There are 4 protein chains.
Amino acid sequence: MRIGFLGPHATFTEQALLTLPESRGAELVPLPGAPAVLAAVRDGSVDAGCVPIENTVEGAVPPVLDGLVADPPLVIAREARIAVRFCLMGRPGTTGDAIRSVASHGHGIAQTRGWLAEHLPAAEVRVSSSTAEAAAQAARGEVDAAVAAPLAATQHGLEVLADDIADNAGAVTRFVLLTRPGPPPAPTGWDRTTLAATTTNRPGTLLGLLTEIAVRGIDLTRIESRPVKGRHAEYWFHLDCSGHVADPAMGEALAALHRRCDRLIYLGSFPRSDPAPDAPAAGVGSPVAALGVATADDYAASERWLAAVRRGADT
Amino acid sequence: MRIGFLGPHATFTEQALLTLPESRGAELVPLPGAPAVLAAVRDGSVDAGCVPIENTVEGAVPPVLDGLVADPPLVIAREARIAVRFCLMGRPGTTGDAIRSVASHGHGIAQTRGWLAEHLPAAEVRVSSSTAEAAAQAARGEVDAAVAAPLAATQHGLEVLADDIADNAGAVTRFVLLTRPGPPPAPTGWDRTTLAATTTNRPGTLLGLLTEIAVRGIDLTRIESRPVKGRHAEYWFHLDCSGHVADPAMGEALAALHRRCDRLIYLGSFPRSDPAPDAPAAGVGSPVAALGVATADDYAASERWLAAVRRGADT
Amino acid sequence: MRIGFLGPHATFTEQALLTLPESRGAELVPLPGAPAVLAAVRDGSVDAGCVPIENTVEGAVPPVLDGLVADPPLVIAREARIAVRFCLMGRPGTTGDAIRSVASHGHGIAQTRGWLAEHLPAAEVRVSSSTAEAAAQAARGEVDAAVAAPLAATQHGLEVLADDIADNAGAVTRFVLLTRPGPPPAPTGWDRTTLAATTTNRPGTLLGLLTEIAVRGIDLTRIESRPVKGRHAEYWFHLDCSGHVADPAMGEALAALHRRCDRLIYLGSFPRSDPAPDAPAAGVGSPVAALGVATADDYAASERWLAAVRRGADT
Amino acid sequence: MRIGFLGPHATFTEQALLTLPESRGAELVPLPGAPAVLAAVRDGSVDAGCVPIENTVEGAVPPVLDGLVADPPLVIAREARIAVRFCLMGRPGTTGDAIRSVASHGHGIAQTRGWLAEHLPAAEVRVSSSTAEAAAQAARGEVDAAVAAPLAATQHGLEVLADDIADNAGAVTRFVLLTRPGPPPAPTGWDRTTLAATTTNRPGTLLGLLTEIAVRGIDLTRIESRPVKGRHAEYWFHLDCSGHVADPAMGEALAALHRRCDRLIYLGSFPRSDPAPDAPAAGVGSPVAALGVATADDYAASERWLAAVRRGADT
């Protein structure tokens, strides 16, 4: 099994990938940028690909969201989340006043913007395809310093000049493992289903979609809007929902969204990487929301009742 | 085939029953009161029974609604509606000042209350099991006059003393033909489905039920509340919906209600007796309501898509 | 102060009226039937009137609901509920086999229908304007027996032939005290507001009304449909809601319903006669419902914020 | 009047600012980056500031969304939208194979990513604070080429090497003019109101917010999620709504959201820059949505009715 990842080696993405069971025994293939990872999965040159999708500070990773809704379809088979820690690093002996250029991935730049403005106000900031590539550039002398993971300093023989320089401490990034469509992992009871939907641009259509979800007791955990390329004021809504496509409630909700949407893309059902709560969330059992998600047994019972009604049997 | 009806002969119910195709060649059996008709259908002494269920002036007929939710289940196989026209009638030669007692069915009394109060303020009003029975009482001399259908005057040799005496002109009564459970009549594209539901008595549960219906594009055409016998502040909601139990949208809605309700009773799908509109009603295509009712083809397409998603095929 | 009530003396209505503080020192005026009570309040011949509105067995009292939506407006100033207990009574010495006629109010007949059918199958049943009037008829010898309250036997010198004969034990009737419009009683924290609404007959309009109520955290405790006289398939929805017209949430909801409805009739805010729950009902804090009813302080704070926003102040 | 803008001169932002009436006679102050513009408005060193907020290809501009929810508050006083057209430009005589480095703003890079990968696969890509700054860097010889607006070539004496190189033609960017809080521009009948909201992270809370908006007939035209800094799985929802804070419907909706949200930030009401439709959008007049937005007259009428009800007057 070959798994591509946003490379080169020593990226946060590689760190995340190494936490996944799929990485054991697999050949891990660094690729230059998230679009390259998605392309490699699509063309079959790798069996799966790992990319960041969301960060607690920077939000969604737009090229990943936009790449997911391209054809042919891909699905998410797994997710992982790791804390991100940014360091400023340079060749041994580099001093702050000698730094006239600093490189990082766009997210690394964004998350250390304040620190860089304060401590290196005069340095030119260059965007790299990854934080690890930025470290490599520093090692090759193309830039004076890089903002990257501590692992990258080790790997490229760089010295950490300043540690933990993110403007917001405690940032966490969520990564996803993408594959071509195939049977989803079995339900675990604590799963996530990811979708992307477009609708005709009419008042209230988003409310209609969310009602289809809520009325079946499914929790919407995240919503993002991304412009539909080339169409003014139309959006892809990227939706993360609690539950698994094998659940009857989720299946019924997906079929209902499919009938309502201009286009609905199923992006996978997989185990959630955030801890399950000890107790059900408050607010369930509400007017519109179902009284919690009906179980497969509940659905089976109601389907048996309906079948009896339809054939005219006593119920 | 034996069909019971709210008798005796010459009731509005018999008039309604005679408009139904089921009455042709059937033995029509007059029975004393709606509860007797329901009981006869339940115990198999008749194959079907015809009773009034709703009047545009008096509203629902409570004993029929209450009788429908008793066990074992009955279903509505057909409906009819006829205009009701009340006359005051007595033995030939009766004059107004000689009328000290007047009989009618409770609904006849209710719908002519104003006229009776004005023209026969001193007359004692007696409740009969039907308007036709009231006419028979008048013919037997047990009361001086009856409020009944014109047909009853003919049938009992009575003279119409005053015609069209209803306080509200243009009243229409809807009648239903009840049977034991059996396959429903085939969908016609303009059908009604009747339900009765109880829920736990919590804020917003009714809103939840109506949302399950609306989100699937189904129109609620009538709602009645009836107390649940022996339980304080709990109600049976009697719901009339557009559509047929064989429609996928209705089937899904019924199964959803079945999961939400303490008890859901299916009371039949049958052709509507009111004229179909020329054009779809305004308001469809709304935020929460589906964009009209999805057709069986729409459902089939979405089910195929879901099945493909679940087995991991390209979609 | 003169208070009319559904008479004559010894009705359940008089019993209910006597439990209300308004009855102390007032002149209590028995009137023949609920419509007469409403008319007397409307024309000013009494200051208030007491009538039954709902029974846990028989449901709503249609002529009261229909009378409330007539012009000019009336409002409910108070409610009471009492358990109803029906007895069969006759002149002393009456025996069961001598009973060929029995009288009661329509509700008394309805609630003892099963008992009468079993024990007095051959007796003629006559409708009276009240149970107490039925007892008076029995005392005058116009009928052989009456179904009425125990008090009526005492008052008319009748003998109780069979006690507690209701088909469903434990029936409770709710009564209302009506007045011409005037300032409502002060909020108590456990109040009810009663409304009647008609809307254009379009799909989903009822869902729209219920959403206006639920979104403001108001609980709908009862809904009844009554036909709009002379208009086919249009209904008055009679709504009972938790809360008081003086509450900001209720005021905003009423104004919103007023903008949506063809006609909205306010029928009063008054203390609830059912016991307040120890704890808030489950289900509050739901998606659509507000997180409980916002208090007057919450509203005042949000209005101050809005005023600041509108004048361009920092917020 | 001093107006800051995302500089230097010749940015798309300056082009957009010049279309606004506020720019006439004002001193236009180029500032290095959107955060600098927001900071200058906040500290009073300029009276207003112009920044891009949304692009039809790239979506929202995250640092602007994140900067808007910082303290103290800012508001949007105006919006403009212009088509963006990217050119590759270099010093006169530059040829493609001599280009080893190319600079642009992050959005310029993102929107020409495909073109650059195809035509300049080996070139190093550097991020600049603006497209105009990238052109200046090219003029100074710090990079070999820049991706920027045609105007920047003119201004910096550069040669357009390739015109209209965006991967998606027809991209439009929306810009906003920010000020410190103050009275909003007068309503025009075609306005937008922008909000940011956080809620407790519970199932269905987003549905609740959208219902508050829809039930008052207000159209939600855009929704974005941005992580709340330092709080896991919590989001700022950035909402664009049809209508003006001076409208009663919008005012009531804002107050309702204020009561529901952990924090609600009003970000301004201002004329919409997209053309008004000839006819009302379909879908209005739906179950949950009000029958269109109620006008100020509708609100005034319903408030008068409510006031009469509350003081006990006839209505």
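Residues numbered from 1 in each chain as written. Chains lettered and ligands numbered in written order. Predicted model: local features only at pLDDT ≥ 70, side-chain atom pairs only at ≥ 80, totals over all residues.

J.: Please clarify how the sheet that holds strand S13 (residues 220-227) of chain A should be interpreted in this entry.
T.: Each strand in a sheet pairs with its neighbour through backbone hydrogen bonds, running either in the same direction (parallel) or in the opposite one (antiparallel). Residue and element names in this part refer to chain A. The four strands are arranged S13-S14-S12-S15 in an open sheet whose pairing can be described as antiparallel. Looking at strand neighbours, the two that pair on one side only are S13 and strand S15 (263-271), the edges of this open sheet. Strand-to-strand twist across the sheet, computed as the mean angle between neighbouring axes with direction ignored, equals 15°. Where strand S12 (residues 191-198) and S15 come together, seven bridges link them in antiparallel fashion. In the strand pairing of S15, Leu 195 is matched with Tyr 266. (Pairing = 2+ DSSP bridges. Helix = DSSP H or I, 4+ residues; strand = E, 2+ residues; numbered from the N terminus. Axes fitted to C-alpha atoms, helices over the stretch in contact; angles between N-to-C directions.)

J.: Any chance you could explain the domain arrangement of chain A here in plain terms?
T.: Frequently, the measure chosen for interface size is the accessible area removed from exposure when the parts meet. Residue and element names in this part refer to chain A. Partitioning chain A into structural domains gives domain 1 (1-84 + 171-182), domain 2 (87-162) and domain 3 (184-315). Distance between the C-alpha centres of domain 1 and domain 2: 23 Å. Counting from both sides, the interface comprises 14 residues of domain 1 and, opposite them, 14 residues of domain 2. For the side of domain 1 that touches domain 2, the residue count by class is seven nonpolar, six polar and one charged. (Domains from an automatic or database assignment. Contact = placed C-beta atoms within 7 Å. Nonpolar A, V, L, I, M, F, W, Y, C, P; charged D, E, K, R; others polar.)

J.: In this structure, what is going on with the sheet that holds strand S13 (residues 220-227) of chain D? I would like to understand it.
T.: Residues and elements named next belong to chain D. Pairing within the open sheet is antiparallel, and its four strands lie in the order S13-S14-S12-S15. The sheet terminates laterally at S13 and strand S15 (263-271), the two strands that pair on one side only. If you compare each strand with its neighbour and ignore which way they point, the axes differ by 15° on average.

J.: Is there a simple way to think about the packing of helix H8 (residues 205-214) of chain B against helix H8 (residues 205-214) of chain C in this case?
T.: Each pair of packed helices can be summarised by the angle the axes make with each other and by the distance between the axes. H8(C) packs onto H8(B) with a crossing angle of 140° between their chain directions and a minimal axis gap of 10 Å. Regarding the angle of H8(B) to H8(C), the classification is oblique. Crossing hand, H8(B) versus H8(C): left-handed. Contact residues: H8(B) offers Leu206(B), Leu207(B), Leu210(B), Thr211(B) and Ala214(B), while H8(C) offers Leu206(C), Leu207(C), Leu210(C), Thr211(C) and Ala214(C). Here the contact of H8(B) with H8(C) is built from residues that sort into eight nonpolar, two polar and no charged. (Parallel < 35°, antiparallel > 145°, perpendicular 65-115°, else oblique. Left-handed = near helix turned anticlockwise from the far one by under 90°.)

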